[in-house]
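# Understanding the architecture of this molecule
Now for the letters of each chain:
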Amino acid sequence: MGDKPLPAKEAALFKQLVRCYETKQNKRGLKHADAILKKHPEHGETLAMKGLLLSQQDHDAKKAEAYELVRRAIKNDLKSQVCWHVYGLLCRADRDYLQAIKAYRGALRQDPENVKILRDLSMLQVHMRDVAGFVETRNTLLTLKPTNKINWITFAVAKH
């Protein structure tokens with residue numbers, strides 16, 4: 001299934017794929033994703049990243065395909081925090097905040113100390129006025145990175 005690690009060549013391509021997403025080079029990223037999926041058609045994290053890249057395009061058909069790819073990715077690689085995080089990003093972009101929170105929690109079950117996911121989750125908790133959840137999430141971030149001033153400030157705000 002998709003939970004096997006990729007061989008070195010495809011792993012390097014996957015890193016380039018992530019970099020393409022971060023620098024908004026969607027067409028190039030899609031080419032990298034297709035190259036990986038040609039050899040490993042059910043690799044969950046690649047399917048999720050391809051879905052994320054497709055969701056950046058403005059077509060409704062592409063958005064539907066993006067959701068389908070991400071759902072398939074989660075089905076193939078249930079224990080991947082990347083797949084869950086991407087699903088959360090898609091839901092948040094479509095303003096389905098409750099589903100996004102559930103997806104972020106799914107990602108945190110796989111990687112409970114991922115600062116990026118915790119930060120995304122805390123922002124949604126503020127947005128949804130989940131004060132108790134916000135306090136808990138900011139406390140976790142403060143515990144993980146106590147030297148970061150912003151974590152102290154946001155925890156104080158959460159408690160207030």
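Refer to the structure printed above.
The rules we used
As a convention, each chain's residues are numbered from 1 in the sequence order in which they are written. Owing to the predicted nature of the model, reporting of local features is limited to residues with pLDDT of at least 70; listing and counting of side-chain atom pairs is limited to 80 or more, with chain, interface and lining totals taken over all residues. The side-chain numbers reported here are obtained from all heavy atoms of the structure, hydrogens and water having been left aside. Comment: elements are numbered from the N terminus, with helices defined as DSSP H or I runs of at least four residues and strands as E runs of at least two. A radius of gyration in this sense is built from C-alpha atoms; the matching globule rule multiplies 2.2 Å by the number of residues raised to 0.38. Per-residue accessibility, obtained with a 1.4 Å probe over protein chains only, is compared with the maximum for each type, and a residue is labelled buried under 20%, exposed over 50%, and partly exposed between these values. We call two residues in contact whenever any of their non-hydrogen atoms come within 4.5 Å of each other. Here the aromatic set is Phe, Tyr and Trp, taking the six-membered ring for Trp, and pairing holds for ring centres within 6.5 Å; pairs whose planes are under 30 degrees apart are stacked, those over 60 apart are edge-to-face, and all others are tilted. Axis definition: a line fitted to C-alpha atoms, limited for helices to the stretch in contact. Angles are taken between N-to-C directions and run from 0 to 180 degrees. Angular relationships are summarised with four words: roughly parallel below 35 degrees, roughly antiparallel beyond 145, roughly perpendicular across 65 to 115, and oblique for the angles in between. The handedness criterion is simple: a crossing whose near helix is rotated anticlockwise from the far helix by less than a right angle is left-handed, and one whose near helix is rotated clockwise is right-handed. The residue classification treats Ala, Val, Leu, Ile, Met, Phe, Trp, Tyr, Cys and Pro as nonpolar and Asp, Glu, Lys and Arg as charged. All others, Gly included, are polar. In this analysis, the expected span of each helix is defined as 1.5 Å times one less than the number of residues it contains. Note on definitions: salt bridges are taken to be side-chain nitrogens of Lys or Arg within 4 Å of carboxyl oxygens of Asp or Glu.

Turning our eyes to something else, we now look at the overall build of the protein chain. Each helix and strand counted, the protein chain has 9 helices and 0 strands in total. The linear arrangement of helices and strands in the protein chain, starting from the amino end, is α-α-α-α-α-α-α-α-α. In terms of overall size, the protein chain behaves like a compact globule, its C-alpha atoms giving a radius of gyration of 17 Å where 160 residues would be expected to give roughly 15 Å. Dimensions along the principal axes, computed over C-alpha positions, put the protein chain at roughly 50 × 35 × 30 Å. When the 160 residues of the protein chain are sorted by exposure, 46% land in the buried category. In the protein chain, once contacts between residues fewer than 6 apart in sequence are set aside, the share between residues at least 24 apart is 47%.

As a further point, take the packing of aromatic side chains. The final tally for this structure, using the stated rule, is 1 aromatic pair. Between the aromatic rings of Tyr-67 and Tyr-87, the centroid separation amounts to 6.5 Å while the plane-to-plane angle is 90°, which identifies the pairing as edge-to-face. Taken together, the positions of Tyr-67 in helix 4 (residues 60–76) and Tyr-87 in helix 5 (residues 81–93) put the pair 20 residues apart, joining distant regions of the chain. For the residue pair Tyr-67 and Tyr-87, the accessibility class agrees, reading buried in each case.

Where helix 1 (residues 8–22) contacts helix 3 (residues 44–55), the two axes come as close as 11 Å, and the packing angle between them is 20°. It follows that helix 1 is roughly parallel to helix 3 by the angle criterion. The handedness of the crossing between helix 1 and helix 3 is left-handed. Contacts between helix 1 and helix 3 involve Phe-14, Leu-17, Val-18 and Tyr-21 on the former and, on the latter, Glu-45, Thr-46, Met-49, Leu-52 and Leu-53. For the contact of helix 1 with helix 3, the per-class residue count stands at 7 nonpolar, 1 polar and 1 charged.

Take helix 8 (residues 131–144) next. With 14 residues, helix 8 should cover 20 Å at 1.5 Å per step; its first-to-last C-alpha distance of 20 Å lies within 8% of that length. Check the buried side of helix 8 and you find it contacts helix 7 (115–127) and helix 9 (149–159).

In this section: the pattern of salt bridges. This structure, assessed with the given rule, holds 6 salt bridges. Between Lys-63 and Asp-94 there is a salt bridge, with its nearest N and O atoms 3.4 Å apart. Residue Lys-63 is found in helix 4, and its partner Asp-94 is found in the loop between helix 5 and helix 6 (97–110); the two are separated by 31 residues along the sequence. Given the relative accessible area of 33%, Asp-94 is considered partly exposed.

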